[in-house]
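Given next are the chains, with one letter for each unit.
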Amino acid sequence: MGLPKGGSVILAAVFTAFVVVVGIEAAQPPFACDLSNPSTQKFTFCRTELPIRQRAEDLVSHLTFDEKVAQLVNDAPAITRLGIPAYQWWSEALHGVADAGPGISFNGKIRAATSFPQVILTAASFDAHLWYRVGQVIGKEARAVYNGGQAIGMTFWAPNINIFRDPRWGRGQETPGEDPLVTGKYAVSFVRGVQGDSFEGGAEVIREGHLQASACCKHFTAYDLDRWNNVTRFVFDAHVTPQDLADTYQPPFQSCIQEGRASGIMCAYNRVNGVPNCADYSLLTTTARGKWGFNGYITSDCDAVAIIYENQGYAKTPEDAVADVLKAGMDVNCGSYLKNHTKSAVLQKKLPEADIDRALQNLFAIRMRLGLFSGNPSKLLFGNIGPSQVCNREHQDLALEAAQNGIVLLKNNAKLLPLQRGQNPFTLAVIGPNANSPKTLQGNYYGPPCISVSPLLALQSYVKSPTRYHPGCDSVACSSASIRDAVNTARGADYVVLIMGLDQTQEREDHDRVDLVLPGKQKSLITAVARAAKKPVVLVLFCGGPVDISFAKHDANIGSIVWAGYPGEAGGIALAQIIFGDHNPGGRLPITWYPKEFVKVPMTDMRMRADPASGYPGRTYRFYRGKKVYEFGHGLSYSTYSYQFISASRNKLQLTSTAAIKAHQKPESTKFALVSEMGSEVCEKMKFSITVGVENHGEMAGKHPVLLFLRRERVIGGSPVKQLVGFQSVSLNAGERTEMEYVLNPCEHLSKADDDGVMVMEESTHFLVVGNQEYPITIVA
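The structure presented is a predicted model; accordingly, all values stated were derived computationally and were not measured. Numbering of residues begins from 1 in every chain and follows the order in which that chain's sequence is written. Totals for whole chains, interfaces and linings use every residue, but because this is a predicted model, local features are given only for residues with pLDDT of at least 70 and side-chain atom pairs only at 80 or more, for both listing and counting. To get the side-chain values, take all heavy atoms of the structure and skip hydrogens and water.

Let's talk about the overall build of the chain
Helix and strand labels come from DSSP, where a helix needs a run of H or I of at least four residues and a strand needs a run of E of at least two; each type is numbered from the N terminus. Along its length, the chain carries 23 helices and 28 strands. Each radius of gyration is computed over the set of C-alpha atoms, and the globule rule expresses the reference value as 2.2 Å times the number of residues to the power 0.38. A compact globule built from 781 residues would reach a C-alpha radius of gyration of about 28 Å, and the chain, at 27 Å, matches this within 12%. Here the C-alpha coordinates of the chain stretch approximately 80 × 75 × 50 Å along the principal axes. Taking all 781 residues of the chain together, the buried fraction comes to 62%. In the chain, 77% of the contacts between residues at least 6 apart in sequence involve partners at least 24 apart. In short, Shrake-Rupley with a 1.4 Å probe defines the accessible areas, and a residue's cover is counted only from the protein chains shown. When the accessible area of the chain is evaluated, it comes to approximately 28,200 Å², of which 50% is carbon and sulfur surface. Charged residues are defined narrowly, with Lys and Arg counted positive, Asp and Glu counted negative, and His plus the chain ends left uncounted. Lys charges are placed at NZ, Arg charges at CZ, Asp charges at CG and Glu charges at CD. In the chain, which carries 76 positive and 74 negative side-chain charges, the distance between the mean positions of the two groups comes to 3 Å. Summary of the burial criterion: residues with accessible area below 20% of their type's maximum are buried, those above 50% are exposed, and those between are partly exposed, where the area comes from a 1.4 Å probe applied to protein chains only. Only heavy atoms matter for contacts: two residues are in contact if any of them lie within 4.5 Å across the pair.

Describing unusual backbone geometry
A cis geometry characterises the amide bond from K218 onward to H219, with omega recorded as 0°. As for its placement among the helices and strands, H219 is situated in strand β4 (residues 214–220). Cis peptide bonds are those with omega within 30 degrees of zero, and the linkage from F220 to T221 qualifies with 10°. Structurally, T221 is set in the loop between β4 and β5 (227–228). Here K349, not a glycine, exhibits a phi torsion of approximately 60°, which is positive. Turning to its location among the elements, K349 is positioned in the loop between α13 (337–347) and α14 (353–369). With relative accessibility at 76%, the residue K349 sits in the exposed group. One non-glycine residue, Y445, lies in positive phi territory at about 50°. Mapped onto the elements of the fold, Y445 is located in the loop between β13 (428–431) and α16 (455–460).

Looking at the side chain of T287
Checked against the element boundaries, T287 lands in helix α10 (residues 281–291). For T287, the contacting residues outside a window of four places in its chain are S282 and W292.

Some details on the confidence of the model for the chain
Averaged over every residue, the pLDDT of the chain is 95; residues scoring 70 or more account for 96%. Note on residues 1–9: pLDDT under 50 across the span, and 15 contacts to partners over four residues away in sequence or across chains. Low pLDDT, under 50, characterises residues 15–22; the stretch is placed with 11 contacts to residues that sit more than four places away or in other chains. Confidence of the predictor at the level of single residues is captured by pLDDT, which takes values from 0 to 100.

Focus: the state of the cysteines
In what follows, a disulfide is any cysteine sulfur pair within 2.5 Å. Within this structure, the stated rule accounts for 7 disulfides. The partner cysteine of C391 in its disulfide is C450, sulfur to sulfur 2.0 Å. Where C391 bonds to C450 through sulfur, the torsion about that S-S bond is close to -85°, and the disulfide is left-handed. Of this pair, C391 sits in the loop between α14 and α15 (393–406) while C450 sits in the loop between β13 and α16, and the two are 59 residues apart along the sequence. Residue C391 is classed as buried on the basis of its relative accessible area, which comes to 1%. A relative accessible area of 4% places C450 in the buried class. Note on C216: no disulfide assigned, nearest cysteine sulfur contributed by C217 at a separation of 7.0 Å.

Details of the pairing of strand β17 (residues 558–563)
Extensive coverage of β17 is indicated by the burial of 6 of its 6 residues. Direction of pairing for strand β16 (residues 537–542) relative to β17: parallel, over a ladder of 5 bridges. Bridge assignment links L541 to a residue of β17, and that residue is W563. Pairing between two strands is assigned when DSSP locates at least 2 bridges connecting them.

Considerations on helix α20 (residues 571–579)
Among the 9 residues that make up α20, 9 are buried, leaving the element largely enclosed by the rest of the structure. For α20, every residue scored as buried is listed here: G571, G572, I573, A574, L575, A576, Q577, I578 and I579. Just past α20, the residue G581 takes up positive phi, approximately 85°.

Observations regarding the sheet that holds β13
With mixed pairing, the 6 strands of this open sheet are ordered in space as β12-β17-β16-β15-β13-β14. Of all the strands in the sheet, just β12 (408–412) and β14 (468–470) have a single pairing partner and so form its edges. Here the strands of the sheet are splayed against their neighbours by 15° on average, with no regard to which way each runs. Where strand β15 (residues 495–501) meets β16, 5 bridges bridge the pair, whose relative direction is parallel. Considered in β16, the bridge of V497 is made with V538. Axis geometry follows a simple rule: fit a line to the C-alpha atoms, using only the stretch in contact for helices, then measure angles between N-to-C directions, giving values from 0 to 180 degrees.

What to know about the packing of aromatic side chains
For this analysis, a ring pair means two rings from Phe, Tyr or Trp (six-membered ring only for Trp) whose centres lie within 6.5 Å, classed as stacked if their planes differ by under 30 degrees, edge-to-face if by over 60, and tilted for the remaining angles. Taken as a whole and judged by the stated rule, the model has 29 aromatic pairs. Between the aromatic rings of F43 and F45, the centroid separation amounts to 4.9 Å while the plane-to-plane angle is 10°, which identifies the pairing as stacked. Here F43 falls in the buried class, since its relative accessible area comes to 8%. Ring geometry for F126 versus F632: centroids 6.0 Å apart, planes at 85°, classification edge-to-face. Of this pair, F126 sits in the loop between α4 (119–123) and α5 (128–147) while F632 sits in the loop between α21 (620–623) and β18 (641–648), placing them 506 residues apart in sequence. Here the two residues F126 and F632 agree in accessibility, since each one is buried. Here the aromatic cluster, defined as three or more aromatic residues joined through ring pairs, consists of F126, W131, Y186, F190, Y621, F632, F709 and F727. Placement of a positive charge over a ring is assigned whenever Lys NZ or Arg CZ falls within 6 Å of the ring centre and within 35 degrees of the normal to the ring plane. One Lys or Arg, K553, reaches over the ring of Y630 and ends 4.7 Å from the middle of that ring. The residue whose ring lies beneath K722 is F709, and the NZ or CZ to ring-centre distance is 4.2 Å.

Shown next as structure tokens:
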């Protein structure tokens with residue numbers, strides 16, 4: 001549903017302004033192999049009927065050594081004698097096409113792009129098809145920007161699929177959260193959408209090697225610390241156990257490569273167990289390309305090659321650093337280090353030219369898959385995507401839908417929300433430093449949005465009488481609070497909405513938080529206003545990472561709490577619709593909200609599993625054993641839902657189902673089988689389905705994520721306390737009931753990583769859990 005008349009007028013005015021801005025002539029996009037130029041016809045690399053790998057090899061064979069070296073950096077220069085234009089590998093599209101990287105500009109006919117919610121909020125919808133549709137729009141708008149001559153690159157360094165391991169991490173907002181299954185499915189859905197694949201994968205356009213745009217999964221691997229306690233990402237050596245690598249840090253990247261077929265990977269700044277990620281042959285070549293079948297290019301993070309020598313001291317000379325990364329399998333350097341030191345590395349015989357050729361073949365193959373070596377792009381597969389398909393109504397509606405379905409209702413005492421408008425005019429007070437700041441809604445890595453509507457403006461559109469407004473604080477840091485003025489603003493209003501939280505001054509790249517509480521005097525302001533208000537107040541939080549708001553959770557004067565993440569261009573509108581009942585909230589937290597005492601845990605401790613003997617509490621809902629402010633998956637609605645296990649195709653699994661599978665047993669352990677010994681055929685036969693009934697008992701239609709967890713009867717050997725094994729989002733009218741089928745693969749969903757990082761299935765009883773319902777599954781040897 002849309003806003004009432006006032007809100008519609010606001011949106012129409014903003015959209016009209018955008019249309020007027022873009023009414024200028026488009027430029028010509030850069031491309032090679034111009035068929036109107038006879039000289040290009042002699043080049044084998046321009047023959048589109050040949051395999052791309054053969055064309056890429058031919059192109060590289062035409063390059064001089066100096067030309068080869070020049071192509072190894074993100075700002076690859078033109079090769080004029082071959083008709084090859086300059087190319088920029090670095091473009092950004094985390095939650096919308098952005099000018100945060102040098103590959104995109106908004107100074108031509110296209111002046112903006114659809115800005116979706118920051119990823120952490122979109123993930124809260126637990127809706128893989130929504131994630132795919134968001135990726136589709138981003139890929140389409142990226143291609144439109146290129147076709148309009150405003151892009152010198154079509155390789156976008158998104159998504160960020162690192163696990164949100166520590167709540168202080170400034171970049172956690174960029175990720176889908178703390179769960180490997182959710183993160184992996186987000187990666188697959190988003191990448192397929194961006195690159196032009198189907199939701200299920202395997203579309204003909206991808207099978208034929210084409211790309212609408214190129215997605216890049218980052219930051220490979222175990223990267224989730226930027227700057228904490230004088231430790232920076234540039235020098236951090238992440239000590240990670242094989243067990244944690246196998247079941248937490250690596251699975252999202254494996255999914256991104258094997259299922260999503262991502263065409264790019266970015267290796268991270270940090271070291272893992274002593275080895276820089278960008279110099280790790282085992283990681284980049286043995287694992288990504290060998291075991292997982294990666295077929296694409298690998299870029300460094302920006303200046304990640306330089307730090308291997310200059311900061312980490314891993315390499316003894318700049319030439320050693322260059323040789324290390326190219327031999328490991330990296331292809332392109334964001335920065336200038338390879339341009340400056342590759343030639344001397346070859347002259348010093350530290351690097352064979354063959355490694356440079358391999359890197360360049362990978363790079364040019366991607367540019368060819370993008371259609372940049374196939375002649376005039378206007379006559380090619382994606383040539384009809386133009387400015388009219390950027391910021392159109394369909395795309396803006398999707399941005400609104402993503403915000404609506406991600407926003408999480410954390411508390412709603414006495415059904416304070418939705419606010420009842422009724423027939424009589426009412427007064428509304430809006431207070432807080434985030435109330436009138438549309439920029440805050442964008443998070444980071446954003447471009448100019450299609451529309452810009454603050455929460456204050458959106459809320460005002462619902463109110464006939466003048467809205468009372470006060471920022472309450474001098475800024476989000478709230479070092480100075482006008483508590484008396486804010487209290488006077490709130491006193492006498494029928495409803496009070498406090499819009500507080502964080503912004504990019506508090507959490508961002510290269511800036512991790514030092515605590516988990518609201519900044520400055522925000523708590524004092526909230527408490528004072530809530531005490532003075534006529535009725536319990538509504539507290540809205542904009543933030544990416546979790547905040548300990550235990551005081552508000554238990555304060556009777558605070559009736560409702562809403563987490564709105566950083567909800568993008570339409571976030572203010574979505575928030576107003578939820579507060580006034582034009583949309584039924586259904587988002588659920590994709591991260592655990594920890595108490596403020598969690599900051600005693602060193603951010604540098606990468607262990608996921610709890611260690612009760614030392615007092616280490618573990619991390620994420622799968623392993624954390626401490627107190628929680630709000631649990632992973634928490635989220636309320638204006639409706640109530642019930643669940644019921646309807647049927648299961650089996651409730652008992654035989655480990656040794658064939659003679660080829662042996663049951664193993666270590667001292668003081670249960671019997672188990674190695675997943676690797678089962679093979680894909682056995683694993684396929686072991687699949688089973690579970691049918692769950694879901695009913696909406698409320699008076700409003702709603703979209704509801706149904707989360708299916710697994711818990712073990714005995715938590716031993718580092719097993720998760722519980723883990724998500726499936727999720728679906730379903731739309732139900734008031735009083736409607738439906739049934740949902742989940743297909744589980746025991747080799748994936750009922751296995752665990754042992755101490756050595758080997759996946760095993762143990763003899764034991766497991767319970768599938770949805771809501772308060774459980775269903776037992778027994779595994780026997």
